[in-house]
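# Topology and contacts: notes
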Amino acid sequence: MPALWTASENLLLASTSATRLALLVSAGLSVETQSSNVDERAVEQAAQSEGLDSPTLAARLATEKALAVSSRHPERIVLGADQVLACGASVFHKADDREAARRQLQALSGKSHALHSAGAIAIGGTVVESFVATAILAMRPLTDEAIDLYLELAGPSVLHSVGIYQYEGLGVHLFDSVEGDHSTILGLPLLPLLSALRRLGCLSL
């Protein structure tokens, strides 16, 4: 049977994200995962001091994760990925608890925000490919009652998403319109990733 993935070893995803893993597996890629252990907040603070914009911050985070794992496995093809949510001048992160999630949804209600999703491929401790894609999501105006209902229905899973929603599930009810690729919204732009892997000779299709 012909194989899609042609590299000698599986792609190594520098993340334990179940969503990113599922995206890669659904595209037919052979994947293993490993946590990068990168201090994301420290990277963000350094990026702020340099005045980096949100897309560049996403790229920096993806790069740091790829390099961290590549330094441990220089012989492997390592993929780092990250996502930054920006609404105006504000950058949002995963919420620590339900009350923080509630405040974030209140802040995003009735506004458009950007999801910048980045990927970086490293081999031998060097980034050989990198890319960033952006999706624009317009959240409909939400009453406090609607927010509370959503948080109750969605449960603790909302704390696993930077936007306090999971667009592939109940979160779709929160939006009026979306511009951008579905995989970008989920945190890993597949089309630029697959193009990069083809350039590296890793795919037979």
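These notes cover the structure that comes with them. (Residues numbered from 1 in each chain as written. Predicted model: local features only at pLDDT ≥ 70, side-chain atom pairs only at ≥ 80, totals over all residues. Heavy atoms only, no water.)

## Re the overall build of the protein
When helices and strands are counted, the protein shows 7 helices and 7 strands. If you list the helices and strands of the protein from N to C, you get β-α-β-α-α-β-β-α-β-β-α-β-α-α. Whereas a compact globule of 205 residues would reach a radius of gyration of roughly 17 Å, the protein reaches 17 Å, a difference of no more than 12%. Along the longest, intermediate and shortest principal axes, the C-alpha atoms of the protein span 55 × 45 × 25 Å. Scored against the burial criterion, the 205 residues of the protein give a buried share of 45%. When contacts within the protein are restricted to residue pairs at least 6 apart in sequence, long-range pairs at least 24 apart make up 69% of them. Working note: accessible area of the protein is about 9700 Å², and carbon and sulfur atoms make up 52% of it. With 14 positive and 22 negative side-chain charges, the protein shows a separation of 1 Å between the mean positions of the two kinds. (Helix = DSSP H or I, 4+ residues; strand = E, 2+ residues; numbered from the N terminus. Rg over C-alpha atoms; globule rule 2.2 N^0.38 Å. Buried < 20%, exposed > 50% of the residue type's maximum accessible area, 1.4 Å probe, protein only. Contact = heavy atoms within 4.5 Å. Areas by Shrake-Rupley, 256 points an atom, 1.4 Å probe, with all protein chains shown as cover. Lys, Arg positive; Asp, Glu negative; His and termini not counted. Charge placed at Lys NZ, Arg CZ, Asp CG, Glu CD.)

## What to know about the pattern of salt bridges
Counted according to the given criterion, the structure contains 11 salt bridges. Residue Arg102 is joined to Asp148 by a salt bridge in which the shortest nitrogen-to-oxygen separation is 2.7 Å. In this pair, Arg102 is assigned in helix 4 (residues 98–108) and Asp148 in helix 5 (residues 144–154), connecting sequence segments 46 residues apart. What makes Arg102 buried here is its relative accessible area of 19%. With relative accessibility at 28%, the residue Asp148 sits in the partly exposed group. A single network of salt bridges, built from pairs that share partners, joins Glu40, Arg41, Glu44, Lys65 and Asp82. (Salt bridge = Lys/Arg side-chain N within 4 Å of Asp/Glu carboxyl O.)

## Looking at the environment of Asp82
Note on placement: Asp82 falls in strand 3 (residues 77–87). Judged by relative accessible area, which is 5%, Asp82 ranks as buried. Along the primary structure Asp82 and Asp181 are separated by 99 residues, whereas in three dimensions their C-alpha atoms are 16 Å apart. Once residues within four sequence positions are removed from consideration, Asp82 is found in contact with Arg20, Glu40, Ala58, Leu61, Ala62, Lys65, His116, Ser117, Ala118 and Gly187.

## Quick word on the side chain of Ser109
Residue placement: Ser109 occurs in the loop between helix 4 and strand 5 (112–123). Leave out the neighbours within four places in its chain, and Ser109 touches Met139, Arg140, Pro141 and Leu142.

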